[in-house]
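# Fold and geometry: a report
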Amino acid sequence: MAKRVVVTGVGLVSPIGVGTEVSWKGILAGQSGLGPISRFDAAQFACRIAAEVKGFDPLQFIEKKELKKMGMFIQFALAASDFAMQQSGLNIDSQNAERVGVVIGSGIGGFDVIEREHSALLEGGPRRISPFFIPASIINLAAGHVSIRYGAKGPNSATCTACSSSAHSIGDAFKIISRCEADVMLCGGSEAAITPMGIGGFAAMRALSTRNDDPQRASRPFDKNRDGFIVGEGAGVLVLEDLEFARRRSANIMAEIVGYGMSGDAFHITQPPEDADGAYRAMLNALRDAKVDPSEVSYINAHGTSTPFNDRLETLAIKRLFGEYAYKLPVSSTKSMTGHLLGGAGGLEAGFSVLALQDQMIPPTINYETPDPDCDLDYVPNQARPEQLNYVLSNSFGFGGTNAALLFKRFSE
């Protein structure tokens, strides 16, 4: 029999703030984390704005001598894991270490390290490349460092499925516990791709907003005047536990994870199909996994990127699955405030979904001003809303047609 799996910790490092509480308070207040790029001189770039993490001091979380071994995405993941572990109150020791695992994903990994070391190569030759270049940049080292920090000797893995990476990490961790292969999993994702190549690459695809003179209003999911997404950075990590394990240690249970759905578009490298079939099937599979009827879902934290294609087709997928009930179902995109964390988005948004259940509050979609006839649902415009929430669905879709949906439930015995 599959184990029940609960959430006992949420750790967030976001463009709204460093820490779970400050991030969530900012989200409910409708605070934008967007602004001009400060990481590098973006004067020549088509998009000169981003959602950077402000006020992050890695020395609060990591010893100075260790920093050279870590790209920024690893630093964010360690900080988020610290917040999640503190909230969970979990102590990993010799008695349980082999039953505690880590799955943390990223879509891009150490872009900052790759660019820095490539410059060193061009300027000084191969001897200038740091011996820490590879471990500081490869994607699985976020999970590796978290595992080493806490002595977690259970399953250790990483997902790299573009913008679905974090959601797949959480879903995979959920299934590892439900199959009795671990009692606890730290899971989620991290990203730090606000670099010249990161911004330049997405800008070359014409995927980014060019509302450079008005950054805080640039991310406007589902609004008729949306013109692209804004790159964000940060991390979201959850502590998942077998319910019985959590009960034995009297843990504070924040929510239950009950469904995980995956699908592939098999259509195009970046564009979803016009019938939104992949997004539809990912959500359907999550509900089937949980044996939950669509009418029981209380809120959807949408992928909601602020791109013309995604928002229209995600809306279509929701209407296809939920039918007439879709028009009564609140849907919001926290990317309106955080920008798009790429591979870190699903972890951050899963955290927001758990906190929405805990506080019975739906976060808003800010900058929603002009309705789009193709996006005609309740997007919780501009203000958070108290609501009786029982099931919350969190969507993540990625390039290559990779889709994930997570279903969380308000915990009850």
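Residues numbered from 1 in each chain as written. Predicted model: local features only at pLDDT ≥ 70, side-chain atom pairs only at ≥ 80, totals over all residues. Heavy atoms only, no water.

## As for the overall build of the protein
The condition is simple: For the purposes of this entry, the term helix denotes a DSSP run of H or I that reaches at least four residues, the term strand denotes a run of E that reaches at least two, and both are numbered from the N terminus. Based on C-alpha atoms, the radius of gyration is set beside the globule rule, defined as 2.2 Å times the residue count to the power 0.38. Three exposure classes are used, based on accessible area relative to the maximum for each residue type with a 1.4 Å probe and protein chains only: buried under 20%, partly exposed in between, and exposed over 50%. Any pair of residues with heavy atoms lying within 4.5 Å of one another is described as a contacting pair. Here the accessible surface of atoms and residues is derived via Shrake-Rupley with a 1.4 Å probe, and residues count as covered only by protein chains that are part of the display.
Broken down by element type, the protein carries 13 helices and 15 strands. The C-alpha atoms of the protein give 20 Å as radius of gyration, which agrees with the globular expectation for 413 residues (22 Å, within 12%). With respect to the three principal axes, the spread of C-alpha positions in the protein is 65 × 55 × 40 Å. Within the protein, the fraction of its 413 residues that count as buried is 62%. Considering only intrachain contacts with a sequence separation of at least 6, the fraction spanning at least 24 residues in the protein is 79%. Taken as a whole, the protein presents about 15700 Å² of accessible surface, with 51% of it coming from carbon and sulfur.

## Considering the side chain of Glu52
So the rule is basically this: Under this rule, positive means Lys or Arg and negative means Asp or Glu; His and the chain ends count for nothing. Salt bridges are identified by distance alone: a Lys or Arg side-chain nitrogen within 4 Å of an Asp or Glu carboxyl oxygen. The definition of a polar contact used here is a pair of N or O atoms within 3.5 Å, where within protein one atom must be able to donate a hydrogen and the other to accept one, and adjacent residues in sequence count solely through side-chain atom pairs.
Mapped onto the secondary structure, Glu52 falls in the loop between β4 (49-50) and α2 (64-67). Buried charged residue Glu52 carries no salt bridge. Nearest counter-charge: Arg39, at 4.4 Å. Reaching out from Glu52, the side chain makes a polar contact with the side chain of Ser38 at a distance of 2.6 Å. Those residues in contact with Glu52, other than ones at most four positions away along the chain, are Pro15, Gly33, Pro36, Ile37, Ser38, Arg39, Ile194 and Glu233.

## Description of the pairing of strand β9 (residues 255-264)
Test applied: Between any two strands, at least two bridges found by DSSP are needed for them to pair.
Here β9 lies mainly inside the structure; eight of its ten residues are buried. Bridge count for strand β1 (residues 5-14) against β9 is three bridges, and the pairing is antiparallel. Among the inter-strand pairings, Val5 is bridged to a residue of β9, identified as Ile257. In terms of strand pairing, β9 meets strand β15 (residues 402-409) through eight bridges, oriented antiparallel. Of the residues in β15, the one forming a bridge with Gly261 is Ala405.

## What about a nonpolar patch on the surface?
Heads up, the condition is: Each patch is assembled from residues with relative accessible area greater than 30% and no salt bridge, linking like charges that lie within 9 Å and nonpolar side chains (Val, Leu, Ile, Met, Phe, Trp, Tyr) that lie within 5 Å.
On the surface, a nonpolar cluster with roughly 250 Å² of combined accessible area is contributed by Leu121, Leu122 and Ile129. Here Leu122 lies in helix α4 (residues 111-124).

## Considering the layout of surface pockets
What counts here: With a 1 Å grid spanning the protein atoms alone, the term cavity applies to any set of points in which a 1.4 Å probe fits but cannot get out, the term pocket to an open set with protein on both sides within 12 Å along at least five of seven lines, and the term lining residue to any residue with an atom within 4 Å of a point. Grid points are joined across faces, edges and corners, and a volume is the space filled by probe spheres set on the points. Note on residue categories: nonpolar means Ala, Val, Leu, Ile, Met, Phe, Trp, Tyr, Cys or Pro, charged means Asp, Glu, Lys or Arg, and polar means any other residue, Gly included.
Roughly 650 Å³ of volume is contained in the largest pocket. Lining the largest pocket are 38 residues, and of these Thr270, Pro272, Thr307, Asn310 and Phe399 sit closest to its centre. Sorting the residues of the lining of the largest pocket by element identifies α10 (277-290), α11 (308-322) and β14 (391-398) as the ones contributing at least two each. In terms of residue class, the lining of the largest pocket is made up of 17 nonpolar, 15 polar and six charged. Taken together, 13 residues form the lining of the second largest pocket, with Ala2, Lys3, Arg4, Phe174 and Val258 sitting closest to its centre. Going through the elements one at a time, α7 (165-178), β9 and α10 are the ones with two or more residues in the lining of the second largest pocket.

## Some remarks on the pattern of salt bridges
This structure, assessed with the given rule, holds 24 salt bridges. Residue Lys175 is joined to Asp289 by a salt bridge in which the shortest nitrogen-to-oxygen separation is 2.8 Å. With Lys175 in helix α7 and Asp289 in helix α10, this pair connects stretches of sequence that are 114 residues apart. Taking relative accessible area as the criterion, Lys175 reaches 22% and is therefore assigned partly exposed. Among the salt bridges present, the one from Lys319 reaches Asp376, with a minimum N-O distance of 3.0 Å. Placement of Lys319 in helix α11 and of Asp376 in the loop between β12 (361-362) and β13 (385-386) is noted, with a sequence separation of 57 residues between them. When its relative accessible area of 33% is taken as the criterion, Asp376 is described as partly exposed. Through salt bridges that share partners, Asp214, Arg217, Arg220, Asp223 and Glu369 make up one connected network.

## Focus: unusual backbone geometry
One non-glycine residue with positive phi stands out, namely Phe222, at about 70 degrees. Not every positive phi belongs to a glycine, and Ala266 is a case in point at roughly 50 degrees. Checked against the element boundaries, Ala266 lands in the loop between β9 and α10.

## Concerning the environment of Gly304
Relative to the helices and strands, Gly304 resides in the loop between β10 (297-301) and α11. With 88 residues separating them in the primary sequence, Gly304 and Gln216 have C-alpha atoms 16 Å apart.

## Considerations on helix α3 (residues 72-88)
Condition: How far a helix is expected to stretch is found by multiplying one less than its residue total by 1.5 Å.
End to end, α3 covers 24 Å across 17 residues, agreeing with the expected 24 Å (1.5 Å per residue, within 8%). In terms of burial, α3 is largely enclosed, as 14 of its 17 residues are buried. Where α3 ends, the next residue or the one after it, Gly89, has phi of about 70 degrees, a positive value.

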